[in-house]
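Notes for the structure review
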Amino acid sequence: MKVALVGCGSRHQMFRNALTGPYADRHELVALCDSNPYRLSLSAAAVAKPGTNGIATYLSADFDRMLAEQGADTVLISTPDNTHAGYIVRALEAGCDVICEKPMTIDLPSLRQILAAQDRTGRKVRVAFNYRYAPARQQIRALLAAGTIGTVTGLDFRWHLDQVHGSDYFRRWHRDKANSGGLFVHKATHHFDLMNWWLGTTPAAISASGGRHAYSPVRAAELGLVGHGPRCTGCPVALRCPYPLDLDADKRLAALYRDAEAEDGYHRDQCIFSPEITLEDTLQAQIRFANGATANYSLTAYAPWEGLEVMFYGTGGQLSHRHVEVHGVFGGKRPKEKQSVTTTLHLAGQDPTNLAVPKAQGDHGGADPLMLQDIFGEGGSETHASDHRAGAWSILAGIAANAALASGQVEEIGDLLAQVGIARI
Ligand SMILES: NC(=O)c1ccc[n+]([C@@H]2O[C@H](COP(=O)([O-])OP(=O)(O)OC[C@H]3O[C@@H](n4cnc5c(N)ncnc54)[C@H](O)[C@@H]3O)[C@@H](O)[C@H]2O)c1
């Protein structure tokens, strides 16, 4: 592949380093692109080879020129979520394949544009669903597919973000649902993708409820933080705040965001209690799938621990999975609970058995390195890769859940698709 990478923030480093490191003999990173000139040059400097002219860099306004000049055949997108669709469509129209960070996009009109462009061009879109690659999740899929607990009739799925990780979404561009689709899209796209992939089905209807409780002006008042500033930097109550972020105390944060502020005015440490935030921190939904199975889903962004709990109900038994997942985020003190994964099989008439769970090293339960190997290495796996259709289905539950939050009604996904003229996925 000749890869052009757009979006040079935190997440892109994993892809950039893979392309210029272990997979450099198979692929070429031909150019970098970003709207922020500082972050763009920072990334270019990190991969410049001594004795060369370095790597080509382009500002976002020159994205199309970059594709034409650099002969890219693949575009890797790691920009904020609301900008994915525009880049996907332009890359496809330029004859490139796309690898896009999750979520593929955040709303129905842009989804329609992506599907139409993919249909027109026939090029490939792949969404980077790293969670599929964790060996523990693959084990679950294999057990369910083998009929170990009979027909899967439903599941309870709970995702807990701890206070360090959860609060961070309220500081960054994610805090405006217009940028991220809210946590029902931005975060839950992973979870809905796992459900679709585990059950081999797609969501059909959803009801939802939620709100903003822990990171709200009311909570700021309860904590005695009245008079807080618009950001942690210079905040008059920072010393009393339980959620401070000191951009200058972490070299990575300072380099990526503080030093780049002057270019675009983006502040990485905006106040998590600001009234203008539109993100919910508490979300629940009930989902009906096309195959008749049902799910209860819950996401909280202020839990005392971080991880996943899921219980599958089958006609022959239950399968439960609990993963305490402490992966790297910036700032704050994390809870002490150590990483652990437990998967328990309980068949009707038998005692529950804790299964031996396969492990892998690396971020997101060992998923990230395995995903990189699958994307860039030899012999990729069709079973775990996710295309534009999987990308679409993974956001449709969240988009419908947002609609259900607004309407207070059960939202049928088929009706929502029909309203925007999407005839098939
Ligand atoms: N799969 C995962 O586990 C995972 C983890 C983290 C982030 N992500 C995804 O990666 C993407 C990037 O997130 P991040 O944490 O790196 O954010 P970030 O804010 O650190 O970086 C975003 C970068 O995009 C640039 N940018 C903003 N608007 C742009 C535009 N219109 N054109 C070009 N560049 C633009 C910014 O200047 C910045 O450098 C998001 O879609 C996010 O959902 C996925």
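Only a predicted model underlies this, so the values are computations on that prediction, with no experimental measurement involved.

Calculation rules
Residues numbered from 1 in each chain as written. Predicted model: local features only at pLDDT ≥ 70, side-chain atom pairs only at ≥ 80, totals over all residues. Heavy atoms only, no water. Buried < 20%, exposed > 50% of the residue type's maximum accessible area, 1.4 Å probe, protein only. Helix = DSSP H or I, 4+ residues; strand = E, 2+ residues; numbered from the N terminus. Pairing = 2+ DSSP bridges. Right-handed = clockwise from strand over helix to strand, strands pointing away. Core = buried A, V, L, I, M, F, W, Y, C linked by side-chain atoms within 4.5 Å. Contact = heavy atoms within 4.5 Å. Axes fitted to C-alpha atoms, helices over the stretch in contact; angles between N-to-C directions. Domains from an automatic or database assignment. Buried area = accessible area lost by both parts, 1.4 Å probe. Salt bridge = Lys/Arg side-chain N within 4 Å of Asp/Glu carboxyl O. Polar contact = N/O pair within 3.5 Å; in protein donor to acceptor, adjacent residues only side chain to side chain. Nonpolar A, V, L, I, M, F, W, Y, C, P; charged D, E, K, R; others polar. Near = heavy atom within 4 Å. Areas by Shrake-Rupley, 256 points an atom, 1.4 Å probe, with all protein chains shown as cover.

With respect to the pairing of strand β5 (residues 97-100)
The alternating pattern of β5 places Asp-97 and Ile-99 on one face and Val-98 and Cys-100 on the opposite face, and all of these are buried. Where strand β4 (residues 74-77) and β5 come together, four bridges link them in parallel fashion. Looking at the pairing, Leu-76 lines up with Ile-99 of β5. What joins β4 to β5 is helix α4 (residues 84-93), and the crossover it makes is right-handed.

Some thoughts on the nonpolar core
Trp-198, Tyr-297 and Phe-312 are the most contacted members of the largest nonpolar core, which totals 97 residues. By residue number, the principal contributor to this core is helix α15 (residues 388-407), which donates nine residues. Residue contacts for Tyr-297: discarding those within four places in its chain leaves Phe-157, Phe-184, Ala-188, His-191, Phe-192, Met-195, Leu-283, Gln-284, Ala-285 and Ile-287. With 24 residues, the next largest nonpolar core counts Tyr-23, Ala-128, Ala-134 and Phe-376 among its residues.

Quick word on the sheet that holds strand β2 (residues 28-34)
Judged by pairing direction, the sheet is parallel, and its six strands sit side by side in the order β3-β2-β1-β4-β5-β6 without closing on themselves. Lying at the two open borders of the sheet, with one neighbouring strand each, are β3 (56-59) and β6 (125-127). Averaged over all pairs of adjacent strands, the angle between their axes in this sheet comes to 20°, without regard to strand direction.

Re the domain arrangement of the protein
By domain assignment, the protein separates into domain 1 (2-129), domain 2 (131-213 + 278-419) and domain 3 (217-264). Placing a centre on the C-alpha atoms of domain 2 and another on those of domain 3 gives a separation of 30 Å. Across the contact, nine residues belong to domain 2 and 10 residues belong to domain 3. Of the roughly 770 Å² buried between domain 2 and domain 3, counting both surfaces, carbon and sulfur atoms make up 57%. Run the count over domain 2 and domain 3 and you get zero salt bridges. Remark: the boundary between domain 2 and domain 3 carries two residue pairs in polar contact (both at pLDDT 80 or more). Its residues assigned to classes, the side of domain 2 that touches domain 3 comprises one nonpolar, four polar and four charged.

So, the site of the ligand
Near the ligand you find 27 residues, and of these Asp-34, Arg-39, Asp-81, Tyr-87 and Tyr-257 are the closest. Within the side chain of His-84, an N or O atom sits 2.9 Å from an oxygen atom of the ligand. Between the ligand and Glu-101 there is a distance of 3.1 Å, counted from a nitrogen atom to a side-chain nitrogen or oxygen. Its free accessible area being 850 Å², the ligand has 88% of it covered by the protein chains. Each residue belonging to the shell around the ligand can be placed in one class, and the counts come to six nonpolar, 14 polar and seven charged. Two domains share the shell around the ligand, each providing at least three of its residues, namely domain 1 (2-129) and domain 2 (131-213 + 278-419).

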